[in-house]
Amino acid sequence: MTLTCEIRRNGGPDVLEWIDTEPGEPGPGEVRIRHHAVGLNYIDIYHRTGLYPLSLPSGIGLEAAGEITAIGDGVTDLAIGDRVAYASAPLGAYAEERLMPADRVVPLPDAVDARSAAALMLKGLTAHFLLFRTFAIQPGQRVLVHAAAGGVGYLLCTWATHLGATVIGTAGSREKAAIAREAGCAEVIQYRDGNIATQVRRAAGKRGVDVVYDGVGAATFQDSLDSLAPLGMMVSFGNASGPVPAFEPSELARRGSLFFTRPSLLDYTRERQDLLDGASALFDAVEAGILSARIGQEFPLPEAARAHRALEARKTTGASLLIPD
Ligand SMILES: NC(=O)c1ccc[n+]([C@@H]2O[C@H](COP(=O)([O-])OP(=O)(O)OC[C@H]3O[C@@H](n4cnc5c(N)ncnc54)[C@H](OP(=O)(O)O)[C@@H]3O)[C@@H](O)[C@H]2O)c1
């Protein structure tokens, strides 16, 4: 039997229920994975609260790393004992062991241990597509990253700095500001110091920044638009503070023909080759010492509700892991 988290209704962290299930034998094209570490992501909160609707009951969690314990028919490129990770639906990563479609699973290189993989897969693949595909960062560009000490934010700042960009980060506390600087930010703005856009222009120059990576959403949206240089790119990739309100396209014109996109990792990894390319760029960056997992906190898997409370209360830094027994 294996411990698995299920949600039967939307709500607060208390709706995370633990049940004993039998993961069963993998069907054609599937593998069974015993998890060594599970990644906590903000999207888990959107699924739990119902901001992103699910058909219930449902498993929860999209990211984990572990070892293959069984292989279904037709799976030729993975074997029992392989160390693997994933960042993908179907939901159900909050479990000791589970079945997964083999084409969503990526083998891990020796240099990446299970904890690092569970901290890096979803957040690192996201940083990769945002920096290389949504808006391809060029040396010398100015970049604004919100929640720079957070899971995705920390990786965005580290990687963008390595690519030669000047990164301005925002952070919710002095401790987080120090972490954002450690991630390479040339300047860190604390939200409580007032108008973000004014401070960004003070740091980046009057013209503003070339791109904003905004995973905070409602609370920062207006400041993000106001921070952009003409023809700049607004990348709205999350809503930790709530969804971005509807806005008039003329708001983009008024600020200098801005671009706006609302990308999702799902679309950028829908094709297996895109998933493998992203993972290999991510693991290469880890092996080259450009990126590393910054695991700010770990929780026993059955204490996922406590982890959710910490993430929602802005009490976490870097990545958070849920560790099975
Ligand atoms: N589009 C995609 O494909 C994709 C993929 C992965 C993640 N994401 C998004 O990326 C964002 C970051 O995800 P993550 O898992 O790495 O989380 P995280 O950044 O580690 O945590 C969220 C952070 O957002 C900041 N924040 C600002 N206002 C907040 C509020 N009212 N409530 C809660 N947090 C607030 C907090 O940092 P400060 O205290 O420093 O402000 C908090 O620590 C999320 O919006 C997530 O949905 C999107």
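About the cut-offs
Residues numbered from 1 in each chain as written. Predicted model: local features only at pLDDT ≥ 70, side-chain atom pairs only at ≥ 80, totals over all residues. Heavy atoms only, no water. Salt bridge = Lys/Arg side-chain N within 4 Å of Asp/Glu carboxyl O. Helix = DSSP H or I, 4+ residues; strand = E, 2+ residues; numbered from the N terminus. Buried < 20%, exposed > 50% of the residue type's maximum accessible area, 1.4 Å probe, protein only. Domains from an automatic or database assignment. Contact = heavy atoms within 4.5 Å. Buried area = accessible area lost by both parts, 1.4 Å probe. Polar contact = N/O pair within 3.5 Å; in protein donor to acceptor, adjacent residues only side chain to side chain. Pairing = 2+ DSSP bridges. Axes fitted to C-alpha atoms, helices over the stretch in contact; angles between N-to-C directions.

Quick notes on the pattern of salt bridges
Tallying each qualifying case throughout the model produces 18 salt bridges. Between D14 and R309 there is a salt bridge; the shortest N-O distance is 2.7 Å. Highlighted residues: D14 in the loop between β1 (2–6) and β2 (17–21) and R309 in helix α10 (residues 304–312), separated in sequence by 295 residues. The class of D14 is exposed, set by a relative accessible area of 60%. Look at R309 and you get partly exposed, because its relative accessible area is 42%. Within the structure, one salt-bridge network assembled from shared partners comprises E25, R32, R34 and E97.

Brief notes about the domain arrangement of the chain
The domain architecture assigned to the chain consists of domain 1 (2–121 + 269–323) and domain 2 (139–262). Look at where the C-alpha atoms of domain 1 and domain 2 centre, and you get two points 28 Å apart. The partner domain 2 presents 19 residues to the 17 residues of domain 1 that form the contact. Of the roughly 1400 Å² buried where domain 1 meets domain 2, counting both sides, 63% is carbon and sulfur surface. At the surface where domain 1 touches domain 2, the tally comes to one salt bridge. The shortest N-O distance in the salt bridge between R294 and E182 comes to 3.0 Å. Where domain 1 packs against domain 2, one counts nine residue pairs in polar contact (both at pLDDT 80 or more). Among the secondary structure elements, those contributing two or more residues to the side of domain 1 that touches domain 2 are α1 (42–49) and α9 (272–287).

Notes on the sheet that holds strand β8 (residues 142–145)
Within the open sheet, the six strands sit side by side as β10-β9-β8-β11-β12-β13. Their pairing is parallel. Across the chains shown, the open sheet's two edge strands, defined by having one partner strand only, are β10 (187–190) and β13 (259–261). Neighbouring strand axes in the sheet, compared pairwise and without regard to direction, differ in orientation by 15° on average. Sheet analysis places β8 next to strand β11 (residues 209–214), joined by three bridges and oriented parallel. Among the inter-strand pairings, V143 is bridged to a residue of β11, identified as V211.

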